[in-house]
Structure formats: C-alpha cells, structure tokens
Amino acid sequence: MSLVRRATTEDAQEVLRLRQVMIDSLPGGDGSTAWHTEALPSLREKLAEADGDFAAFVVDHPDRPGALAALVVGTVDYRIGKASNPHGLAGYVFSVATDPDARRRGYARACMDELLAWFRERGAGQVMLTASPEAEPLYVSLGFVRKPDPTMILGL
C-alpha cells in the first residue's frame, strides 16, 4: 500500500502549513501567515474537485497524527500546442514541501511519482517546475532537465 494519498478538504489547513514551509525556505520568502484564512475556502473548493485541473498528493506524518509529512501540488493548463507538445496540455508543479522533521525519507519523491502519474492520466505532454538548488537532484533523478531559465521540464 502506498504512503501517498490524494489530499482532501480535511487536509486544507495542513496543506497551507506545508506550503508555508516551502515559502519560508525560499530566498525572500514572506513569513506572514495571515493570508491562510483567506486562502482556506478556495483551497477547500479545489481539493473537493476530484476531476478538476488541480491535485495535491500528501503523506501523513508518521509521528504526528493529523499532520502531513509531505506535499506536492500541481495543475494542468492548456497552452497552444507546439512540436514537443501538440495538444498543449502542460502540467505545472508549484508546491513541493516536506516537514523539516520528516525529510530524507523519500516522501517528496513518492508524492512526485503520484503527481506525474496524474499528469499522464490527464494527457499532459510536459511538466514544468521551478527548482531550488536543494531540490534539483530529486527532479533531475525523475528526468527533468534544466532550461536556460530556472524552469525545468520533463517530456512525458
């Protein structure tokens, strides 16, 4: 049985907490959490859409019941096609976070594997993300390649 599961509306506050962990780790990240209250209703709506263009995959924290250990979030967007992606469906990964006390256990990789499978099921021809220097080895091991800008891409 997989450790990874699709996030539900009940996970919304923990999803925001882990997103804040990611934001706090970025250069110039804004440590304010006041926006969480305003973001919560919209996030719950998105998490309730089983067949929408948004998905979050999580791992429950093994040591803290009710908490999440890892999170990966992505969307599928339509962009006008091109030679490498004629149908124009593109996945975008925009939140990858692991609780600091749950790192180095493979949780982010397991969540990414699930998100990539979800992108494939929806017909995405490529997946894009922006990688921090610390996370780049994970993405490279999954097949992403660096472009001249900080965006990485994986052909599916």
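Values in this document were obtained by computation on a predicted structure and should not be read as measured data.

Some remarks on the sheet that holds strand β4 (residues 89-98)
Working step 1: The strand order across the open sheet formed by seven strands is β1-β2-β3-β4-β5-β7-β6, and the pairing between neighbours is mixed. Since the sheet does not close on itself, it has two edges, and those belong to β1 (4-6) and β6 (145-146), each with one partner.
Working step 2: As judged from the five bridges shared by strand β5 (residues 126-130) and strand β7 (residues 151-155), these two strands associate in the antiparallel manner. If you follow leucine 129 over to β7, its bridge partner there is methionine 152.

Digging into the environment of glycine 31
Working step 1: On the secondary structure map, glycine 31 appears in the loop between α1 (12-25) and α2 (35-48).
Working step 2: Between the C-alpha atoms of glycine 31 and glutamate 114, which are 83 residues apart in sequence, the distance is 29 Å.
Working step 3: Filtering out sequence-adjacent residues up to four positions away, glycine 31 remains in contact with Gln20 and Asp24.

Overview of helix α3 (residues 107-121)
An α-helix turns once every 3.6 residues. As a result, residues three or four positions apart point the same way.
Working step 1: With 15 residues, α3 should cover 21 Å at 1.5 Å per step; its first-to-last C-alpha distance of 21 Å lies within 8% of that length.
Working step 2: Looking one or two residues beyond α3, the residue adopting positive phi is glycine 123, at roughly 85°.

Some points on α1
Working step 1: Its 14 residues place the ends of α1 20 Å apart at the C-alpha level, agreeing with the 20 Å of an ideal helix rising 1.5 Å per residue.
Working step 2: Every buried residue belonging to α1 is among Ala12, Glu14, Val15, Leu16, Leu18, Gln20, Val21, Met22 and Ile23, and all of these are buried.
Working step 3: Turning to α1, the residues buried within the fold contact α2, β3 (68-78) and β4.

Digging into the pattern of salt bridges
Working step 1: Tallied over the entire structure, the rule returns twelve salt bridges.
Working step 2: Notably, a salt bridge pairs arginine 5 with aspartate 60, separated by 2.7 Å at the nearest N-O pair. Here arginine 5 is found in strand β1, whereas its partner aspartate 60 is found in strand β2 (residues 54-60), with 55 residues between them in sequence.
Working step 3: Residue aspartate 60 is classed as partly exposed on the basis of its relative accessible area of 38%.
Working step 4: Notably, a salt bridge pairs arginine 105 with aspartate 63, separated by 3.8 Å at the nearest N-O pair. Of this pair, arginine 105 sits in the loop between β4 and α3 while aspartate 63 is found in the loop between β2 and β3, placing the two residues 42 residues apart along the sequence.

Conventions we followed
Residues numbered from 1 in each chain as written. Predicted model: local features only at pLDDT ≥ 70, side-chain atom pairs only at ≥ 80, totals over all residues. Heavy atoms only, no water. Pairing = 2+ DSSP bridges. Helix = DSSP H or I, 4+ residues; strand = E, 2+ residues; numbered from the N terminus. Contact = heavy atoms within 4.5 Å. Expected span 1.5 Å × (residues − 1). Buried < 20%, exposed > 50% of the residue type's maximum accessible area, 1.4 Å probe, protein only. Salt bridge = Lys/Arg side-chain N within 4 Å of Asp/Glu carboxyl O.

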